[in-house]
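# Report on the structure
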Protein chains: 2
Amino acid sequence: MRKVAIVGVGMSKFGEEWTRGFRDMMIDAGSKAVEDAKLSGSEIDAMYVGTMAPGSLVGQDHIGALVADYMGLTPVPATRCEAACASGGVALRQGYMAVASGIHDCVVVGGVEKMTDTPGDEVASALGGAGDQEWELFMGATFPAIYAFTARRHMLEYGTTEEQMAAVAVKNHANAAKNKYAHFQNEITIDTVMKSKYVASPLKLFDCAPITDGAAVVVLMPLDKAKKVCEQPIEIVASTQASDYLALHSRASMTSLNATKVAAKKAYETAGVKPSDIDVVEVHDCFTIAEIMAIEDLGFFPKGQGGPASAAGKTALNAEISVNTSGGLKGCGHPVGATGIKQAVEVVWQLRGTAGARQVKGAKVGMTHNVGGSGATAVVHIMKNEV
Amino acid sequence: MRKVAIVGVGMSKFGEEWTRGFRDMMIDAGSKAVEDAKLSGSEIDAMYVGTMAPGSLVGQDHIGALVADYMGLTPVPATRCEAACASGGVALRQGYMAVASGIHDCVVVGGVEKMTDTPGDEVASALGGAGDQEWELFMGATFPAIYAFTARRHMLEYGTTEEQMAAVAVKNHANAAKNKYAHFQNEITIDTVMKSKYVASPLKLFDCAPITDGAAVVVLMPLDKAKKVCEQPIEIVASTQASDYLALHSRASMTSLNATKVAAKKAYETAGVKPSDIDVVEVHDCFTIAEIMAIEDLGFFPKGQGGPASAAGKTALNAEISVNTSGGLKGCGHPVGATGIKQAVEVVWQLRGTAGARQVKGAKVGMTHNVGGSGATAVVHIMKNEV
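What you see as residue numbers is a count from 1 along each chain, following the sequence as written. Here chains are named by letter from A upward and ligands by number from 1 upward, in the order in which they appear as written. Where local features are concerned, this predicted model is filtered to residues with pLDDT of at least 70; where side-chain atom pairs are given and counted, the filter is 80 or more; whole-chain, interface and lining totals use all residues. To obtain the side-chain values, all non-hydrogen atoms of the structure were used and water was disregarded.

Helices and strands together make up the secondary structure of chain A, namely 14 helices and twelve strands. Based on the C-alpha atoms only, the size of chain A along its principal axes is roughly 55 × 45 × 40 Å. The proportion of buried residues among the 387 residues of chain A is 68%. Put simply, chain A shows about 11,900 Å² of open surface, and 54% of that area lies on carbon and sulfur atoms. A gap of 5 Å separates the mean positions of the 35 positive and 41 negative side-chain charges of chain A. By definition, any uninterrupted DSSP run of H or I lasting at least four residues is a helix, any uninterrupted run of E lasting at least two residues is a strand, and each is numbered from the N terminus. In this scheme, a residue with accessible area under 20% of its type's maximum is buried, one over 50% is exposed, and one in between is partly exposed, where area comes from a 1.4 Å probe on protein chains only. Areas reported as accessible are Shrake-Rupley estimates using a 1.4 Å probe. Residue values count occlusion only from the protein chains shown. Positive charge is attributed to Lys and Arg, negative charge to Asp and Glu, and no charge count is given to His or to the chain ends. To locate a charge, take NZ of a lysine, CZ of an arginine, CG of an aspartate or CD of a glutamate.

Residues and elements named next belong to chain A. A helix is expected to reach a length of 1.5 Å times the quantity of its residues less one. Taking 1.5 Å of rise per residue, the 16 residues of helix α6 (residues 143-158) would be expected to cover 22 Å, and the 22 Å separating its terminal C-alpha atoms lies within 8% of that figure. When we look at burial in α6, the residues that qualify are F143, I146, Y147, A148, T150, A151, H154 and M155. Contacts are residue-level and defined by heavy atoms, with any inter-residue pair within 4.5 Å sufficient. On the buried face of α6, the contacting elements are α5 (120-128), α7 (162-176), β5 (198-200), β6 (203-204), α11 (288-297) and β11 (365-372). Directly beyond the C-terminal end of α6, a positive phi value near 75 degrees is found at G159.

Every residue is assigned a pLDDT by the predictor, reflecting its confidence on a scale from 0 to 100. Overall, the prediction assigns chain A a mean pLDDT of 97, with 100% of residues at 70 or greater. The ipTM for the predicted assembly is 0.96, set against a pTM of 0.98.

The next thing to look at is the packing of aromatic side chains. Ring geometry is summarised as follows: Phe, Tyr and Trp rings, the Trp one being its six-membered ring, pair when their centres sit within 6.5 Å, and such pairs are stacked at plane angles under 30 degrees, edge-to-face over 60 and tilted between the two. Taken as a whole and assessed by the stated rule, the structure comprises six aromatic pairs over all chains. Here B:F143 and B:Y147 contribute two aromatic rings whose centre-to-centre distance is 6.4 Å and whose plane-to-plane angle is 40 degrees, an arrangement assigned as tilted. Taken as a pair, B:F143 and B:Y147 lie in helix α6 (residues 143-158) at a separation of four residues, close to a single helical turn. Judged on exposure class, the residue B:F143 and its partner B:Y147 are both buried. The structure contains a cluster of three or more aromatic residues connected by ring pairs, namely A:F143, A:Y147 and A:F287.

Moving on: unusual backbone geometry. Residue A:P202 follows A:S201 across a cis peptide bond; omega there is 10 degrees. Within the secondary structure, A:P202 sits in the loop between β5 and β6. In this model, B:T74 is joined to B:P75 through a cis peptide bond whose omega is 15 degrees. Locating B:P75 in the fold gives a position in the loop between α3 (63-70) and β3 (78-82).

Moving on, we come to the packing of α7(A) against α11(A). Residue and element names in this part refer to chain A. Orientation is described by lines fitted to C-alpha atoms, with helices fitted over the stretch in contact, and by angles between N-to-C directions that extend from 0 to 180 degrees. Where α7 contacts α11, the axes come no closer than 8 Å and their chain directions differ by 95 degrees. With respect to their mutual orientation, α7 and α11 come out roughly perpendicular. Contact with α7, carried on its side by Q164, M165, V168, A169, K171 and N172, involves T288, I289, E291 and I292 of α11 and no other residues of that element. For this scheme, ten residues count as nonpolar: Ala, Val, Leu, Ile, Met, Phe, Trp, Tyr, Cys and Pro. Four count as charged, namely Asp, Glu, Lys and Arg, and the remainder, Gly too, count as polar. Its residues assigned to classes, the contact of α7 with α11 shows five nonpolar, three polar and two charged. Any angle between 65 and 115 degrees counts as roughly perpendicular, while under 35 counts as roughly parallel, over 145 as roughly antiparallel, and the rest as oblique.

On to the interface of chain A and chain B. Residue-level contacts link 58 residues of chain A with 58 residues of chain B. Accessible area that two parts lose when put together, evaluated with a 1.4 Å probe and summed over both, is termed the buried area. Here chain A meets chain B over a buried area of about 4,400 Å², counting both sides, of which 48% is carbon and sulfur. Of all residues in chain A, A:H62, A:E82 and A:S243 bury the most surface against chain B, accounting for 15% of the area lost on that side. Any carboxyl oxygen of Asp or Glu within 4 Å of a side-chain nitrogen of Lys or Arg constitutes a salt bridge here. For the interface between chain A and chain B, the tally reads six salt bridges. Linking A:E82 and B:R80 is a salt bridge whose minimum nitrogen-to-oxygen distance equals 3.1 Å. For this analysis, a polar contact is any N or O atom pair within 3.5 Å, provided that within protein one partner can donate a hydrogen and the other can accept it, and provided that sequence-adjacent residues contribute only side-chain to side-chain pairs. Between the two partners, chain A and chain B, sit 32 residue pairs in polar contact (both at pLDDT 80 or more). Elements with a minimum of two residues in the side of chain A that touches chain B: α2 (54-58), α3 (63-70), β3 (78-82), α4 (87-100), β8 (234-243) and α10 (258-271) of chain A.

Right, let's talk about α11(A) for a bit. For α11(A), the tally of buried residues reaches ten of ten residues, placing the bulk of the element in the interior. Considered for burial, the residues of α11(A) that qualify are A:T288, A:I289, A:A290, A:E291, A:I292, A:M293, A:A294, A:I295, A:E296 and A:D297.

In a structure, side chains of opposite charge can pair up when their charged atoms sit close to one another. Inspection of every chain in the model, using the stated rule, returns 48 salt bridges over all chains. Residue B:K32 pairs with B:D28 through a salt bridge whose shortest N-O separation is 3.1 Å. With B:K32 and B:D28 both in helix α1 (residues 22-36) and four residues apart, this pair spans about one turn of that helix. Ionic pairing is found between B:K303 and B:E296, a salt bridge with its closest N-O pair at 2.8 Å. Looking at B:E296, the relative accessible area reads 5%, which means it is buried. Several salt bridges share partner residues, and in doing so they unite A:E17, A:R20, A:D28 and A:K32 into one network.

Residue and element names in this part refer to chain A. Packing of α6 against α11 brings their axes to within 9 Å, and their N-to-C directions diverge by 60 degrees. In terms of their interaxial angle, α6 and α11 are classed as oblique. Here α6 and α11 pass one another in a crossing that is left-handed. Along its contact with α6, which presents Y147, T150, A151 and H154, the element α11 presents I289, A290, I292, M293 and E296. Here the residues of the contact of α6 with α11 sort into six nonpolar, two polar and one charged. It is the rotation of the near helix from the far one that decides the hand of a crossing: anticlockwise by less than a right angle makes it left-handed, clockwise makes it right-handed.

This brings us to the relation of the copies chain A and chain B. A rotation about an axis combined with a shift along that same axis relates the two copies of the chain. Superposition of the copies used a least-squares fit over C-alpha atoms from residues whose pLDDT is at least 70 in both. Each copy superposes on the other: chain A lies on chain B with an RMSD of 0.0 Å after a rotation of 180 degrees and an axial shift of 0.0 Å. In the structure described here, the two chain copies are related by an operation that fits a two-fold rotation axis. Considering only C-alpha atoms, the part of chain A nearest the rotation axis is A:S101, at 2.0 Å. Interface overlap between copies is the fraction of interface residues in one copy that are interface residues in the other; for chain A against chain B it reaches 100%, indicating a shared surface.

Set out below in C-alpha cells:
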C-alpha cells in the first residue's frame, strides 16, 4: 500500500452564493486546487466528489460525470460518494484508497453543495434524509430537533449549560472572522447566542450551522511522487471511517458518537499518535453540542468536560487544542457535501503554515472529523507535514 | 496490489415489489450473499452500496449507514456511491479498490433502488437527473427521448431497423423467462414489440427497460484468502471506469459511447484478454438501442453491425456471444442502483456453472458493462473462474 499526500487545495467563498451554481463553485475550487498543486490537469487520472442531496436540492444526480465534464477532466473515472454530511469525508477516503492501492496516480477529490436555491422547508426535508426518514423525519424530527435531544441529555448527564454551548459559537465566529472564505465574517458574543431565538430548545439560532453554498477540492498523489513536485506535501497518515445505527433511538448513548470513537481509535493507532499530539483539528460542529461531543469522543477532553473546556477557552486558537480554526461549520458555513473537504483544505493550510491571522503556531499534526447525520457515519483523517 | 475475488452473491426478486421497501430488499439480497459466501457476517469489515436517487424517490439519503444498520454490520465503514444507472458498477469498483489496496479484507457491495412507490412523473424527473438537468430534462428531454435521438441517428448512419432493435427485446425476454429473479417471466415476439406504443419514436414500450424494485449484493475478499474459504472464487481480473460529457449534445458521436470504449480498452489490457475471449457478458440495455451500441463499442461486433447481429441471433444464449443471459435491464428489470451488481451476480452464476436453464456452456470468462445516464459513465468488469 502506497503512502498518500495532498499536493493541492482550493475552495470557493462559502456563503449564500445567489449568482453561482453547483458547476461554477466546483470549477472555482477545482481550478484553485489544480493551480495550487502546480499541475496542468492532464496528470489527473481519477476524480471523486462528495455531495449529499443534489437530486433533491437542484434536480441533478450523476455528479461525478458532471464535475469531470465541467472541470475538463473527461474521460477520467468520476465517482460521487455520499454519506450525508460526511459525504466529503468519505469521498476523500475513496480518493485515498484509489491512490494507496496503486490504481490511480493523481486524484482530485471535491465536495460541493448548492443549498440556497431551494425553499427552506425542502432543504429541511432533504437534510432529514440524513437521519432515519421513516422513524425520525416522518414523525417530525428535523435535525435541530434530533440534536436538541442530544443537547438536553448532555445537559442532564454532565451538567453542560447553554452558556457553554454558546462559547463554541463565539469561538468559531472569532475564527471565521479571520477566514476570507468563511460564510460569516463577524464576531459574536455569548449574549448574541443567548438572546437568539430557540430553534429547538435548548438549541438557539446561533447554536446551529447555517445553510451554505460552497465547494472545496484537494489533489492527491503518492507521497514519493508528491515530494518531487510539491514543496510541502501533506501526508495523510490515517484515513478511517465507521458507522452507527441510523436512528438516534437505536444507539447505546445519546451523548457520545460511537462511530467517532471507533474511527478515532483506529486513526490514532494507524498514525501512531495520541490526542495530545494533534495541534489542530477541524471537528463537525453542525450544532454547538456536536463540537462539545466531538472534542470528548476524539479524546481531547474527558467525557462531560467538553462544555467547561469550551467555556474556559481551551479550544481557542493557539490554546490547549486549536479546534475549528476555519470557523467550523458554524462560522465558515456548512455546504453539506463540501464540509469534509473544506476541513482537509484548512488543515493543509495550517500544516503548511499559510493560515495567516488564524495560524496555529508550529502546527505539525492535524486532524479532520466529519460526521454524517446525527452520527451514523464518522470519518477521521490525520495529516502531517512531510517537510 | 492484491488480487480480488467474489466469494458470495445474492439478489432479491426483481419486480414491482409493492410489499417490500428499500430495507427489506437489501436484507434479502444481503443475507443470501453472506450465506452463499459461507460467512457468519463478523468477517465483514466494510460495506458499499450503489443507489441512484433514494433522496428523490423515497426521501432517504445516507444509504451506506442505513444498509449497514439493517444488515447488522454496524460499525463497519459504509459508503454509498452514485453514478446514475452505473451506481452499482462504481460501488463494485470502490469495493474492489478497498480490498486490492489492503485496507479491507472482506467487503460487501450492494446495489438497490426502490422505484415503484413514487408517481411516474416523479420517477421520470429523478431519472432525468442522470443526464444534464439544466440542458436536457429542463428542456423536456426525458431518457426515452435522449435514447430516441441516439436510435434515430444509428438508423441513419448504419441502417439499423426497428425490427433489429425489437430482436434485442425478444432475446432478453427469452433469457428472463429462464430466470426466477427476473421482473418479466414471459417470452415475447417481434410482433409484440413492433405493435407496442411509441414512447419516443422510434423507441416503443417494449424497447424500454421497466421501472423495477430490487437489490443485489456481492461479497469480496482477497483472492488468496478466497481460495481457502470458497469452492469457486470468481476473480475480478479488471475493474475499469470512464466518464464522458454529461449532455448528449456535447459528445463527438451520438451512436457510440466513448466512456464504454475507454473503459473496455483498459479492461481488456488489464485482464490480458480480447473480445473473442469473453464467453458471457451483461451489457447495459436500458433501451434496445443501448445493447446494440454496447456490443459494438465493447468490440464484439464491428460498428454498425450490432443491429444485424442481434437480428441474426448471434447474441442469443450459447450463440456467438451470450449477451444478457439474466434478461438484461429489459427482461430482468432495471432497479437503477442494483443493476451493476445484478450483472456481477449473473456473471458469477454463469462462471460457476450454476445458471441452470440459461447456463452458457463452458463459460470461463465473463464481463459486466454498466452505463450511467446516456453514457457519461461506463464501468467494465472482467471476471474469471479461478478453479
